[in-house]
Amino acid sequence: MVEVDISRFGSGAARLTSLQQGAALAAGAATAGLAYATLIERNAFALRHRTLNVLEPGSGTLRVLHISDLHMLPGQRLKQAWVSELESLEPDLVINTGDNLAHPQAVPSVIQSLGGLLSRPGLFVFGSNDYFGPTPKNPLKYFNKNHTKSFGEPLPWQDLRAAFTERGWLDATHTVRELEVAGVRVAAAGVDDPHLNRDRYETVAGRPNPLAHLRLGLTHSPEPRVLDKFADDGYDLVMAGHTHGGQLCVPFFGALVTNCELDRSRVKGPSSWGASMKLHVSAGLGTSPYAPYRFCCRPEATLLTLTPVSHGDAEYDEEQSLPPLTAGMRQG
């Protein structure tokens, strides 16, 4: 009779059990995280408040509501209800940096959600998901900045543009706009979506009106090549969207990708670009219906309070302040 010492196999069996338990725990955590990202955080809309010193000395303050990346579907009642509440903020100016649609029949939902905000002064540019519907994608493609882009069915962007402009919002796409809001003179210009290579900065190139209190640039995707041109022309602030703030972020690390050439440190919120220009990137309010999740990156709109730049010398600031508004500076 042969005796076998089973004690030799004990440590290996214990290691195997530990590995199995670890794998089960990891799988459970992944499932729980995906459920949280899909069912909870994706619908945990947040209103951010930021203050930026970008106006000319001597001007008043300006409250600007930045909305981006709604990616609206007709049946998204929770998102629609939340967006409709933003009207109560009574902003001086509304900025929409695109990707409003995710379905051919979503235009009425977008217009109804924005509601009274469309009666306030507003500027907009469009993004890729105003022109084309979303398509299923391998998420790993976002780690390759040079991946081939795929586009879905055409979306009714002309109807959306008509609805915006009929209510009074100004299309800033490849156009210089000048308007006066709450006593603040704004010179604004925008480009079509750089993510689709539709930007034609030469159509708005040149220094904006030097009498403006705020020189504002708009773009959907915050591509550095476009930001550099706005900065070179002397813009004070550029507002953008597109990045979704990374959408899936890692605690203590942040966004994994930006889906453009922008570096991860500027993926959402305010930052500086160059010597004197500020950049604000919205993390957006929606997701693609084919990637309906967010993690450590809540959907958001931002209420920006723009204030005058101060040099720390009241007499100097007074000397540098611009003259009062003239009759020629009106919404156009």
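1. Side note on the overall build of the chain
Here comes step 1: Check the secondary structure of the chain and you find 7 helices and 14 strands.
Here comes step 2: Per-residue burial for the chain yields a buried fraction of 48% across its 332 residues.

2. Remarks on helix α2 (residues 77-84)
Here comes step 1: Of the positions making up α2, those classed as buried are Lys79, Gln80 and Val83. With its buried residues spanning 100° around the axis, α2 presents them on a single face. In α2, the exposed positions angled more than 90 degrees off the buried face are occupied by Arg77 and Leu78.
Here comes step 2: The inward-facing, buried residues of α2 contact α3 (107-114).

3. Looking at the pairing of strand β7 (residues 184-190)
Here comes step 1: The element β7 is extensively covered by neighbouring structure, given that 7 of its 7 residues are classed as buried.
Here comes step 2: Sheet topology places strand β6 (residues 176-181) next to β7; 6 bridges connect them, and they run antiparallel. Pairing of Val176 across the sheet is with Ala189, part of β7.
Here comes step 3: The turn joining β6 and β7, which pair antiparallel and follow one another in sequence, is formed by 2 residues; a positive phi near 50° is taken by Ala182.
Here comes step 4: Looking at chain direction, β7 and strand β8 (residues 214-218) are connected through 5 bridges and run parallel.

4. Description of unusual backbone geometry
Most peptide bonds adopt trans geometry, and most residues besides glycine take a negative phi value.
Here comes step 1: The phi torsion at His242 lies on the positive side, around 80°, for a residue other than glycine.
Here comes step 2: In the Ramachandran plot, Phe252 falls in the positive-phi region, its phi being about 70° despite a non-glycine side chain.
Here comes step 3: According to the relative accessible area criterion, Phe252 is exposed, its value standing at 91%.

5. A word on the environment of Lys268
Here comes step 1: With respect to the helices, strands and loops of the structure, Lys268 is situated in the loop between β11 (254-255) and β12 (269-273).
Here comes step 2: Looking at Lys268, the relative accessible area reads 32%, which means it is partly exposed.
Here comes step 3: The contacts of Lys268, once residues within four sequence positions are left out, are Gly245, Val281, Ala283, Cys296 and Cys297.

6. Overview of the sheet that holds strand β9 (residues 237-240)
Here comes step 1: One open sheet holds the 6 strands; their spatial order is β6-β7-β8-β9-β13-β12, and the pairing between them is mixed. Every other strand in the sheet has two partners, leaving β6 and β12 as the edge strands with one partner each. Strand-to-strand twist in this sheet, taken as the mean axis angle between neighbours without regard to direction, amounts to 25°.

7. Some remarks on the side chain of His66
Here comes step 1: Positionally, His66 belongs in strand β2 (residues 62-67).
Here comes step 2: Side-chain polar atoms of His66 contact the side chain of His280, separated by 3.0 Å.

8. Looking at a nonpolar patch on the surface
Here comes step 1: A cluster of nonpolar side chains, contributed by Tyr36, Leu39 and Ile40, occupies part of the molecular surface with about 310 Å² of accessible area.
Here comes step 2: As for its placement among the helices and strands, Ile40 is situated in helix α1 (residues 10-40).

9. Let's talk about helix α6 (residues 224-232)
An α-helical turn contains 3.6 residues, so any two residues separated by three or four positions project in the same direction.
Here comes step 1: Buried within α6 we find Pro224, Val226, Leu227 and Phe230. Viewed end-on, α6 has its buried residues packed into an arc of 160°, placing them on one side of the element.
Here comes step 2: Packing partners of the buried residues in α6 comprise β7, β8, β9, β12 and β13 (277-281).

10. Examining the packing of α2 against α3
Here comes step 1: Contact geometry for α2 and α3: axes closest at 7 Å, N-to-C directions at 35°. Together, Gln80, Val83 and Ser84 of α2 and Ser109, Ser113 and Leu114 of α3 make up the contact between the two elements.
Here comes step 2: For the contact of α2 with α3, a count of residues per class yields 2 nonpolar, 4 polar and no charged.

11. A few points about the nonpolar core
Here comes step 1: Residues Ile67, Leu114 and Phe164 are the most contacted members of the largest nonpolar core, which totals 29 residues.
Here comes step 2: Secondary-structure elements contributing two or more residues to this core are β2, α3, α5 (157-166) and β14 (300-308).
Here comes step 3: No other element matches α3, which puts 4 residues into this core.
Here comes step 4: Each residue touching Phe164, except ones within four places of it in the same chain, is listed here: Asn96, Asn100, Val110, Ile111, Leu114, Leu118, Phe124, Phe126 and Trp169.
Here comes step 5: Membership of the second largest hydrophobic core comes to 23 residues, among which are Leu123, Leu170, Ala188 and Leu304.

Cut-offs applied
Residues numbered from 1 in each chain as written. Predicted model: local features only at pLDDT ≥ 70, side-chain atom pairs only at ≥ 80, totals over all residues. Heavy atoms only, no water. Helix = DSSP H or I, 4+ residues; strand = E, 2+ residues; numbered from the N terminus. Buried < 20%, exposed > 50% of the residue type's maximum accessible area, 1.4 Å probe, protein only. Arc of directions from axis to C-beta. Contact = heavy atoms within 4.5 Å. Pairing = 2+ DSSP bridges. Axes fitted to C-alpha atoms, helices over the stretch in contact; angles between N-to-C directions. Polar contact = N/O pair within 3.5 Å; in protein donor to acceptor, adjacent residues only side chain to side chain. Patch = residues over 30% accessible without salt bridge, like charges linked within 9 Å, V, L, I, M, F, W, Y side chains within 5 Å. Areas by Shrake-Rupley, 256 points an atom, 1.4 Å probe, with all protein chains shown as cover. Salt bridge = Lys/Arg side-chain N within 4 Å of Asp/Glu carboxyl O. Nonpolar A, V, L, I, M, F, W, Y, C, P; charged D, E, K, R; others polar. Core = buried A, V, L, I, M, F, W, Y, C linked by side-chain atoms within 4.5 Å.

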